[in-house]
Amino acid sequence: MTYIGIIITFVFINNIILNQFLGLCPFIGVSRNVESAVGMGFAVTFVMSLASLTTWMIHNVVLIPLGIEFLQTITFILVIAGLVQLVEMVIQKISPPLYKALGIYLPLITTNCAVLGIALIAVRNEYGAIESFVAGFAAGVGFLLAILLMSTLREKLDTEWVPKYLRGTPIAFITGGLMALAFMAFDVALLRNLIG
Amino acid sequence: MSTMTTLTRGVYRENPIFVIMLGLCPALAVSTQVVNALGMGAGVIFVLVCSNAFVSLLKDFIPEKVRIPAYIVIIASFVTVVDLSMQAFAPALSRNLGVFVQLIVVNCVILGRAEAFAAKNTVGSSVLDGIGMGLGFTLALVVIALIREVLGNGTITVFPVGGFDGTFVIPGLSEQPVRIMSLAAGALLVMGYLKGLLNVIEDVRARARSAATRSATRDGGRA
């Protein structure tokens, strides 16, 4: 049951973008068309799930026994950088068009606050190994959901009239704000009603 | 490029938040109170100046292929310094900022400046660039925080000094604040409208310039 709780929390209630403000750069930058948004979403989900699990292991197997938790920031970011490199190579091998579409944003997953953010949040919440993995996965799904909705909205916006000064990024932020407003409907009370 | 331009460029013309649009996540997440914005700004200035200085010092020794990981290690070290110092000397601020202190390490502004400026320039101008960009970041954060806190809570919170508890209360607004502004949705809305406002200002300035030079080619705003 707690796993379902974690999933609902990170997909809807504490949505990584619309509630926690992690990973805004790709949210604004890669959401111009649906195809690349979905690609980015899946890449982030994949990296996040792996990263949460890996950083949990590093934290509990290496850092705590050695008493060097202060190295947390450095080790986590290096592990994530390595993982991103791996994902980049895999995508380049499997789907060159997708690799082309994601362009400079794939290496930028390293400096995507969402990936490091969820790893740190999992450690702060003292999650276990599976819980960390589930939290990472759920946060990734939340990211995918938000960026997919956003890209669909922006494709529609392309054909609509938008005041001159709000075209481009400003209207993207305002759209994001209205989406965040809608996501406020999901709160802790909903979770309590669903799973007691 | 003159020393002065290196310093002031980051504040307005190449403001990291409003113009280059880097480092947005912390900017929107911690801008609920002015004091948080100032604390975050101070942390970013420190990390930015130190990492720019070190990247610039070590630029001839870091092999081209591993430069990004090397920069990240330099940045992460200074972020750890900030994180631990903040926990020790300003525990309340550290609690407010939460995970975002450690997340300075993935603030794109810092890696961006290391790669785009510090790796190609002298130590002196890199430090100046760090100060300028850091100030621009802080300024943008404070502007967003000011709007959000005044509208969303009717207060302005700064550091407590002596008998003053650090909170200005704005009569009228504090009884009936626009609560949405201090929540997640408000941050995105404020950012969107501010960026729109900036576009208007840029356009007016561009018109003034082209009128002054009596240039025939007039560009009515950006696409």
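Up top is the structure.
Residue indices follow the written sequence of each chain, beginning from 1 at its first position. The lettering of chains begins at A and the numbering of ligands begins at 1, in the order of writing. In keeping with the model being predicted, local features are shown solely for residues with a pLDDT of at least 70 and side-chain atom pairs are shown and tallied solely at 80 or more, while totals for entire chains, interfaces and linings include all residues. Note: side-chain values were computed over all heavy atoms of the structure, leaving out hydrogens and water.

Next up on the list: the overall build of chain A. Tallying secondary structure elements over chain A gives nine helices and zero strands in all. The helix and strand sequence of chain A, counted from the amino end, reads α-α-α-α-α-α-α-α-α. Taken along the three principal axes of its C-alpha coordinates, chain A extends 60 × 45 × 30 Å. Going through the 196 residues of chain A one by one, you find that 50% of them count as buried. Considering only residue pairs separated by 6 or more positions, chain A has 77% of its internal contacts joining residues 24 or more positions apart. Averaged over its 9 positive side-chain charges, chain A has a centre that lies 11 Å from the centre of its 9 negative ones. Note on conventions: DSSP H or I runs of at least 4 residues are helices, E runs of at least 2 residues are strands, and numbering of each starts at the N terminus. Using a 1.4 Å probe on the protein chains alone, a residue whose accessible area is under 20% of its type maximum counts as buried, one over 50% counts as exposed, and one in between counts as partly exposed. Whether two residues are in contact is decided by their heavy atoms, any of which lying within 4.5 Å being enough. The convention is simple: Lys and Arg are positive, Asp and Glu are negative, and His and the chain ends are not counted. Where a charge sits is defined by one atom per residue type, namely NZ (Lys), CZ (Arg), CG (Asp) or CD (Glu).

For the rest of this paragraph, the subject is the interface of chain B and chain A. Taken residue by residue, the interface counts 41 residues in chain B and 35 residues in chain A. In short, buried area is how much 1.4 Å probe accessible area vanishes from two parts on joining, totalled over both. Approximately 3,400 Å² of surface area, both sides summed, lies buried where chain B meets chain A, with 79% of it carried by carbon and sulfur atoms. Any carboxyl oxygen of Asp or Glu within 4 Å of a side-chain nitrogen of Lys or Arg constitutes a salt bridge here. Along the contact surface separating chain B from chain A lie zero salt bridges. Any pair of nitrogen or oxygen atoms within 3.5 Å is treated as a polar contact; in protein, a donor-acceptor pairing is required on top of that, and neighbouring residues in sequence qualify only through side-chain atoms on both sides. On the surface where chain B and chain A come into contact, there are five residue pairs in polar contact (both at pLDDT 80 or more). Sorting the residues of the side of chain B that touches chain A by element identifies helix H2 (24–29), helix H4 (67–89), helix H6 (108–118) and helix H8 (184–212) of chain B as the ones contributing at least two each. Examining the composition of the side of chain B that touches chain A, we find that 14 residues originate from one element, H8(B), more than from any other. Broken down by class, the residue content of the side of chain B that touches chain A amounts to 28 nonpolar, ten polar and three charged. By the convention adopted, Pro, Cys, Tyr, Trp, Phe, Met, Ile, Leu, Val and Ala count as nonpolar, Lys, Arg, Asp and Glu as charged, and the other residues, Gly among them, as polar.

Excluding glycine, residues mostly carry a negative phi; peptide bonds, for their part, are mostly trans. Positive phi outside glycine occurs at Phe21(A), with the angle close to 60°. With respect to the secondary-structure elements, Phe21(A) resides in the loop between helix H1 (2–13) and helix H2 (24–29).

Residue and element names in this part refer to chain A. Relative to each other, helix H7 (residues 129–157) and helix H8 (residues 169–183) sit at 130°, their axes nearing to 11 Å. Here H8 runs oblique to H7, going by the angle between their axes. H8 is crossed by H7, and the crossing has right-handed handedness. In this structure, H7 uses Leu145, Ala146, Leu149, Met150, Leu153, Arg154 and Leu157 to contact H8, whose residues at the interface are Ile171, Ala172, Thr175, Gly176, Met179 and Phe183. Split by residue class, the contact of H7 with H8 holds ten nonpolar, two polar and one charged. In this analysis an axis means a line fitted to C-alpha atoms, helices contributing only their contacting stretch, and an angle means the value between N-to-C directions, from 0 to 180 degrees. Throughout, the term roughly parallel applies to angles under 35 degrees, roughly antiparallel to angles over 145, roughly perpendicular to angles from 65 to 115, and oblique to all others. Should the near helix be turned anticlockwise from the far one by less than a right angle, the crossing is left-handed, and should it be turned clockwise, the crossing is right-handed.

So, to be careful, I would describe these as geometric facts and stop short of saying anything about function.
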